[in-house]
Amino acid sequence: ASTEWGYTEENGPYTWYKHFPIARSGIRQSPINIDSFEAEYDDALTDIHLEVSYQAEDDVTLKNNGHNLQCQITQLGYLTGGPLGNQQFRLEQFHLHWGSHDTRGSEHTIDGEQFAAELHLVHWNTKYDSFAEAVDKSDGLAVLGVMIKSGIENPFFSVVSDNLGGLIQAHSEDTIPSSLDPTDLLPGDISAYWTYEGSLTTPPLFESVQWIVFKEPVEFSHSQLDALRSLIDSDGNAMQDNFRPPQPINGRQVRASF
Ligand code: 1SD
Ligand code: ZN
């Protein structure tokens, strides 16, 4: 595992280009700093719709994949609207990136401000047959990004943060006998967002993502954030600061729905 990519000095974001040259040669890498003054209002950006056929009896399967904490989605969930128009994207999983302190952790920054964590809901374009087929296509994925700040406890995220005991070790998986509707993790106002064409933020860094980053952050309590920080990563370190810093904008236009 020591030769694998990660977030240490030796295998972190500044070294990824050695095995994944697109880290440097790419033209639409993510994350970016979102400059709200440079973003262009686009009145064609309608509301996005995420419809999940949530059942209260569905279990939640969580995975410590060595780099972040991921929740595989078993329900059918479809994302449309906004920059996606009537193309349909299917919800595959959500995961988080976070810091060692509340002052850092997010991948996207907004006018230079970094948040304590960032939630990603990953969807794939149903014009392809599977997530695996879509992952490297230029119109393959759509990821919703939610900024997390330290504040009051989020009762929906407690289903995850109260049940991390079986997920401390890297490459562990656990099924929690509680249900979670992923749409409950979105901010109250999903009509205000920025959108741009980017990439996966982790190797293989495919340039396949339509990013949709909400303006309104969501709050997690300090102890909910600390629960994430107690996980162990694939290098055997505390899983913390598992974010990639902002990448060159390369002339891309960020559009705003508001
Ligand atoms: O970091 C995730 C990674 O865990 C995996 O989910 C990958 C493919 O879906 O996506 C990246 S990210 O670009 O959504 N951060
Ligand atoms: Zn991510």
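Scroll up for the structure.
Scoring rules and cut-offs
Residues numbered from 1 in each chain as written. Chains lettered and ligands numbered in written order. Predicted model: local features only at pLDDT ≥ 70, side-chain atom pairs only at ≥ 80, totals over all residues. Heavy atoms only, no water. Donors = N, O, S within 2.8 Å, 3.2 Å for Na, K, Ca; no water. Tetrahedral: all angles 85-135°; square planar, octahedral: opposite > 155°, others 65-115°. Helix = DSSP H or I, 4+ residues; strand = E, 2+ residues; numbered from the N terminus. Buried < 20%, exposed > 50% of the residue type's maximum accessible area, 1.4 Å probe, protein only. Core = buried A, V, L, I, M, F, W, Y, C linked by side-chain atoms within 4.5 Å. Contact = heavy atoms within 4.5 Å. Near = heavy atom within 4 Å. Polar contact = N/O pair within 3.5 Å; in protein donor to acceptor, adjacent residues only side chain to side chain. Areas by Shrake-Rupley, 256 points an atom, 1.4 Å probe, with all protein chains shown as cover. 1 Å grid on protein atoms, 1.4 Å probe; cavity = no way out; pocket = protein on both sides within 12 Å on 5 of 7 lines; lining within 4 Å. Sits in = over half its atoms within 2 Å of the grid points. Nonpolar A, V, L, I, M, F, W, Y, C, P; charged D, E, K, R; others polar. Points joined across faces, edges and corners; volume = space filled by probe spheres on them. Salt bridge = Lys/Arg side-chain N within 4 Å of Asp/Glu carboxyl O.

Asks: Explain the coordination of the zinc ion (ligand 2) to me, using residue names and the numbers behind them.
Replies: At the metal site, the zinc ion (ligand 2) is ligated by His95 (NE2), His97 (NE2) and His120 (ND1), and these contacts range over 2.0 Å. The site at the zinc ion (ligand 2) holds four donor atoms, and with the angles between them running 102 to 119°, its shape is tetrahedral. Here the donor residues for the zinc ion (ligand 2) map to a single chain with the spacing H-x1-H-x22-H. Here His97, found in strand S7 (residues 89-98), pairs with His120, found in strand S9 (residues 117-125); they are 23 residues apart in sequence, far enough to count as distant. Given the relative accessible area of 1%, His120 is considered buried.

Asks: Residue-level account of the nonpolar core, with values.
Replies: Of all hydrophobic cores here, the largest spans 43 residues; its most connected members are Leu121, Leu144 and Leu164. Top element by residues in this core is S7. It accounts for five residues. With residues up to four places along the chain from it excluded, the contact list for Leu144 reads Ile48, Leu50, Leu79, Leu119, His120, Leu121, His123, Leu186, Ile212 and Phe214.

Asks: Requested: an account of the side chain of Asn64, with residues and values cited.
Replies: Within the fold, Asn64 resides in strand S4 (residues 60-64). Residue Asn64 is classed as buried on the basis of its relative accessible area of 0%. Once residues within four sequence positions are removed from consideration, Asn64 is found in contact with Leu69, Leu167, Ile168, Gln169, Ala170, His171, Ser172, Leu231, Ile232 and Met239.

Asks: Can you break down the site of ligand 1 residue by residue, with the values?
Replies: With respect to spatial proximity, 13 residues lie near ligand 1, and among them Asn68, Gln93, His95, Thr201 and Thr202 are the closest. In the environment of ligand 1, a nitrogen atom lies 2.6 Å from a nitrogen or oxygen atom belonging to the side chain of Thr201. A distance of 3.1 Å separates an oxygen atom of ligand 1 from a polar side-chain atom of Thr202. With the chains in place, 89% of the 360 Å² that ligand 1 exposes on its own is no longer accessible. Of all the cavities here, the one that holds ligand 1 is the largest pocket. Listing elements by their share of the shell around ligand 1, those giving two or more residues are S7 and S9. Taken together, the residues that form the shell around ligand 1 break down as three nonpolar, nine polar and one charged.

Asks: Before we move on, could you go through empty space enclosed by the protein and cite the residues and values that matter?
Replies: One pass over the full model with this rule turns up two cavities of 30 Å³ or more. If you add up the space inside the largest cavity, you get close to 90 Å³. What lines the largest cavity is Asp58, Asp59, Val60, Thr61, Cys71, Gln72, Ile73, Thr74, Gln75, Phe94, Leu180 and Pro182. By residue class, the composition of the lining of the largest cavity is six nonpolar, four polar and two charged. Around the second largest cavity, the lining residues are Gly6, Tyr7, Gly66, His67, Asp233, Ser234, Asp235, Met239, Gln240 and Asn242.

Asks: Tell me what's going on with the side chain of Ser100, and back it up with residues and numbers.
Replies: If you trace the backbone, Ser100 turns up in the loop between S7 and strand S8 (109-110). Only 3.2 Å separates the side chain of Ser100 from the side chain of His101, close enough to count as a polar contact. Polar side-chain contacts of Ser100 include one of 2.8 Å to the side chain of Asp241. Residues contacting Ser100, with those up to four places away along its chain left out, are Arg229, Gln240 and Asp241.

Asks: Give me the layout of surface pockets: which residues, what numbers.
Replies: Roughly 380 Å³ of internal volume is contained in the largest pocket. Ranked by the residues each element gives to the lining of the largest pocket, the list is headed by S7, at four residues. Each residue belonging to the lining of the largest pocket can be placed in one class, and the counts come to 10 nonpolar, 10 polar and one charged. Approximately 200 Å³ is the volume attributed to the second largest pocket.

Asks: Account for the pattern of salt bridges, with residues named and values stated.
Replies: Here the structure, examined in full by the defined rule, presents six salt bridges. The partner of Asp139 in a salt bridge is Lys127, and the shortest N-O contact between them spans 2.7 Å. Note that Asp139 is positioned in the loop between helix H2 (131-134) and strand S10 (141-150) and Lys127 in the loop between S9 and H2, a separation of 12 residues in sequence. The class for Asp139 is partly exposed, based on a relative accessible area of 24%. Note on Lys127: relative accessible area 54%, which makes it exposed. Here Lys137 ties to Asp136 by a salt bridge, and the two come within 3.0 Å at their closest N and O atoms. With a relative accessible area of 27%, Lys137 lands in the partly exposed category. The exposure class assigned to Asp136 is partly exposed, which follows from its relative accessible area of 42%.

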